[in-house]
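What the coordinates show
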Amino acid sequence: MTTSAEYQRRIEIYDRAQLLDLWTQIQACNTPNWEPGKALEYLIIRAFELEGADVTYPYSIPIARTIIEQIDGAVYSDGLFCLVECKDQANNIASNPLPNFATNCYADPQV
């Protein structure tokens, strides 16, 4: 299983042309060296980074050794801070990941 650090090292060497190639692969559902959904997560963050934003690559939030949330990344640019949530799905999916995240944060003051 590829680790987050390995994915980050891999994507950090991509330039714009390589990101466009990866985007084409994502659209074709042909990303053999990536776990499902990971290519899109890392592509989005790398694209912001190439445009000069400060970024944080995907990370997990553990509480008491249990991962309660996985953040797909964060972007900071021109005074704006955004959490990134990506869904690489062909079908409609539930729109509750962000409310669930907010609930998890409010439920535990350690977060």
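Quick caveat: nothing in here was measured; it's all calculated off a predicted structure. Per chain, residues are indexed from 1 in the order of the written sequence. The predicted nature of this model means local features are confined to residues of pLDDT at least 70 and side-chain atom pairs, given and counted, to a pLDDT of 80 or more, with totals for whole chains, interfaces and linings taken over all residues. Only hydrogens and water are set aside; all other atoms, that is, all heavy atoms of the structure, feed into the side-chain values.

1. Observations regarding unusual backbone geometry
Note the threshold: A run of H or I in DSSP counts as a helix once it spans at least four residues, and a run of E counts as a strand once it spans at least two, with each numbered from the N terminus. The buried label applies to any residue whose accessible area, calculated with a 1.4 Å probe on protein chains only, is under 20% of its type's maximum; exposed applies above 50%, and partly exposed to all values in between.
Although it is not a glycine, alanine 64 sits at a positive phi angle of roughly 50°. Looking at where alanine 64 falls in the secondary structure, it is placed in the loop between β2 (59-63) and β3 (66-71). You can call alanine 64 exposed: its relative accessible area is 73%. In the Ramachandran plot, arginine 65 falls in the positive-phi region, its phi being about 65° despite a non-glycine side chain. Turning to its location among the elements, arginine 65 is positioned in the loop between β2 and β3.

2. Here we look at the pattern of salt bridges
To keep it simple, the criterion reads: Salt bridges are defined by distance alone: a side-chain nitrogen of Lys or Arg within 4 Å of a carboxyl oxygen of Asp or Glu.
For the structure shown, the criterion picks out three salt bridges. Lysine 38 is paired through a salt bridge with glutamate 41; the nearest N and O atoms lie 3.7 Å apart. Of the two residues, lysine 38 and glutamate 41 are both situated in helix α3 (residues 38-50); the distance of three residues between them amounts to about one turn of the helix. For the pair lysine 38 and glutamate 41, one class covers both residues: buried.

3. A word on the packing of helix α1 (residues 4-11) against α3
This is how it is decided: For helices, the axis comes from a line fit to the C-alpha atoms of the stretch in contact; other axes are also lines fit to C-alpha atoms, and the angle between any two N-to-C directions lies between 0 and 180 degrees. Convention used here: angles under 35 degrees read as roughly parallel, angles over 145 as roughly antiparallel, angles from 65 to 115 as roughly perpendicular, and any remaining angle as oblique. Helix crossings get a hand from a simple test, with the near helix turned counterclockwise from the far one by less than a right angle marking a left-handed crossing and a clockwise turn marking a right-handed one. By definition, residues are in contact when any of their heavy atoms lie within 4.5 Å. Each residue gets one of three labels, nonpolar for Ala, Val, Leu, Ile, Met, Phe, Trp, Tyr, Cys and Pro, charged for Asp, Glu, Lys and Arg, and polar for the others, Gly among them.
Where α1 contacts α3, the axes come no closer than 10 Å and their chain directions differ by 50°. Judged by the inter-axis angle, α1 sits oblique to α3. You can see that α1 and α3 cross each other, and the crossing is right-handed. Contact residues: Ser4, Tyr7, Gln8 and Ile11 in α1; Lys38, Tyr42, Leu43 and Arg46 in α3. Taken together, the residues of the contact of α1 with α3 sort by class into four nonpolar, two polar and two charged.

4. As for the pairing of strand β5 (residues 80-83)
To keep it simple, the criterion reads: Paired strands are those between which DSSP finds at least two bridges.
Where strand β4 (residues 74-77) meets β5, four bridges bridge the pair, whose relative direction is antiparallel. Residue valine 75 lies in a different strand from β5, and its bridge partner there is cysteine 82. Linking two consecutive strands that pair antiparallel, namely β4 and β5, is a turn of two residues; a positive phi of about 50° is found at aspartate 78 within it.

5. Regarding the packing of aromatic side chains
Spelled out, the test is: Here a Phe, Tyr or Trp ring, Trp counted by its six-membered ring, pairs with any other such ring whose centre lies within 6.5 Å, and the pair is stacked when the planes are under 30 degrees apart, edge-to-face when over 60, and tilted otherwise. Two conditions define a charge sitting above a ring: the NZ of Lys or the CZ of Arg must be within 6 Å of the ring centre, and it must be within 35 degrees of the ring normal.
Inspection of the entire model under this criterion finds four aromatic pairs. Pairing tyrosine 7 with tryptophan 34 gives two aromatic rings, centres 5.0 Å apart and planes at 5°, and the pair type is stacked. Linking tyrosine 7 in helix α1 with tryptophan 34 in the loop between α2 (16-27) and α3, this pair joins segments that are 27 residues apart in sequence. Among the residues examined, tryptophan 34 registers a relative accessible area of 8% and is labelled buried. Plain terms: the ring middles of tryptophan 34 and tyrosine 42 are 6.1 Å apart, the flat faces sit at 40° to each other, and that makes the pair tilted. Exposure remark for tyrosine 42: the relative accessible area of 0% places this residue in the buried category. Among the aromatic residues, those joined into a ring-pair cluster are Tyr7, Trp34, Tyr42 and Tyr57. Above the face of the tryptophan 34 ring, arginine 10 is positioned so that its terminal group lies 4.6 Å from the ring centre.

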